[in-house]
Amino acid sequence: HGWGMLFDMAKMAYAPNSNAFMSLLDQMIGRVVNTVIDIRRIVDWAETQPDIDRDRIALVGFSLSAMVASVALANEPRLGAGILAVGSASPHDSFATCGGSAGQMRKLVTNRFKWSTDQYRNKIKPPLARIDPARYPGRVDPRRILIIEAGEDTCLPAPARRQLWEVMGRPERIVYAYDHRATFMAMTFLGGGSLQKEAFRFLKKV
């Protein structure tokens with residue numbers, strides 16, 4: 001699908017009518033499904049490389065990619081471990097609350113189609129269920145999963161974040177006292193590289 005984002009919020013924001021919007025949403029969901037398939041193909045390739053330990057292939061996802069990674073982990077048993085940072089289940093709830101480009105898209109769409117936020121959430125819930133990690137409870141070994149969460153996240157609702165933790169079998173969880181965006185700073189020198197240190201610690205032990 002090229003180099004664009006999995007969810008082209010700008011394109012969805014200017015859908016001329018509700019049918020066109022739902023069709024675009026379905027296309028974006030298809031991109032996520034194809035990405036999960038691509039991840040599995042990468043594992044196919046990795047297993048053929050002599051310098052890769054096929055039993056220690058891990059997957060790391062941040063934000064939307066954490067949702068993609070959780071679906072991939074549930075459907076690809078060859079992945080030996082996973083780190084899910086600032087992610088959640090129930091993507092329809094996140095789309096209904098998150099700011100940024102998702103929030104701008106939501107505002108334009110709900111205003112144009114005269115939808116309330118609840119109507120918007122209810123309309124996008126059925127198609128987004130295809131890529132909801134909540135579909136796959138009990139499919140991964142929680143000992144091989146690390147969840148890193150933003151404790152002050154205003155983008156991903158707390159119930160949806162907890163749901164991801166429950167679906168993953170209540171694995172080890174680290175909670176930063178930051179919001180969604182600021183938690184990314186924990187990957188940089190501004191956060192002392194603490195997120196990388198936690199990730200390396202976890203991957204080393206599994």
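Right above here is the structure, for reference.
Draft legend 1. Spatial organisation of the layout of surface pockets. Quantified by volume, the largest pocket comes out at close to 700 Å³. If you list the elements that add at least two residues to the lining of the largest pocket, you get helix H3 (64–75), helix H4 (91–97), helix H5 (100–113) and helix H8 (180–183). Tallied by class, the residues present in the lining of the largest pocket amount to 15 nonpolar, 9 polar and 2 charged.

Draft legend 2. Representation of the state of the cysteines in the model. For the structure on display, the rule yields 1 disulfide. Cys-98 shares a disulfide with Cys-155; S-S distance 1.7 Å. As the torsion about the S-S bond is roughly -100°, the Cys-98-Cys-155 disulfide counts as left-handed. With Cys-98 in the loop between H4 and H5 and Cys-155 in the loop between strand S3 (145–150) and helix H7 (158–167), this pair connects stretches of sequence that are 57 residues apart. You can call Cys-155 buried: its relative accessible area is 10%.

Draft legend 3. Seen up close, the environment of Ile-29. By secondary structure assignment, the location of Ile-29 is in helix H2 (residues 18–46). Exposure remark for Ile-29: the relative accessible area of 0% places this residue in the buried category. Other than its neighbours up to four places away in sequence, Ile-29 contacts Pro-127, Leu-128, Arg-130 and Ile-131.

Draft legend 4. Structural view of the pairing of S3. For S3, the buried fraction is high: 6 of the 6 residues fall into the buried class. Because side chains alternate across S3, one face comprises the buried residues Ile-145, Ile-147 and Glu-149, and the other comprises Leu-146, Ile-148 and Ala-150, equally buried. In this structure, strand S2 (residues 81–85) lies alongside S3, joined through 4 bridges in parallel fashion. What sits directly across from Leu-84, in S3, is Ile-147. With 5 bridges joining them, S3 and strand S4 (residues 172–176) adopt parallel strand pairing. Bridging across to S4, Ala-150 finds its partner in Tyr-176. You can see the chain leave S3, run along H7 and come back into S4, and the turn it takes is right-handed.

Draft legend 5. Representation of the sheet that holds S2. Strand order in this open sheet of 4 strands is S1-S2-S3-S4, and the pairing throughout is parallel. Bordering the open sheet on either side are strand S1 (58–62) and S4, each of which pairs with just one other strand. On average, each strand axis in the sheet is inclined to that of its neighbour by 10°, with strand direction left out of account. Running over the sheet, H7 touches S2, S3 and S4 and is turned about 170° from S3.

Cut-offs applied
- Residues numbered from 1 in each chain as written.
- Predicted model: local features only at pLDDT ≥ 70, side-chain atom pairs only at ≥ 80, totals over all residues.
- Heavy atoms only, no water.
- 1 Å grid on protein atoms, 1.4 Å probe; cavity = no way out; pocket = protein on both sides within 12 Å on 5 of 7 lines; lining within 4 Å.
- Points joined across faces, edges and corners; volume = space filled by probe spheres on them.
- Helix = DSSP H or I, 4+ residues; strand = E, 2+ residues; numbered from the N terminus.
- Nonpolar A, V, L, I, M, F, W, Y, C, P; charged D, E, K, R; others polar.
- Disulfide = S-S within 2.5 Å.
- Buried < 20%, exposed > 50% of the residue type's maximum accessible area, 1.4 Å probe, protein only.
- Contact = heavy atoms within 4.5 Å.
- Pairing = 2+ DSSP bridges.
- Right-handed = clockwise from strand over helix to strand, strands pointing away.
- Axes fitted to C-alpha atoms, helices over the stretch in contact; angles between N-to-C directions.

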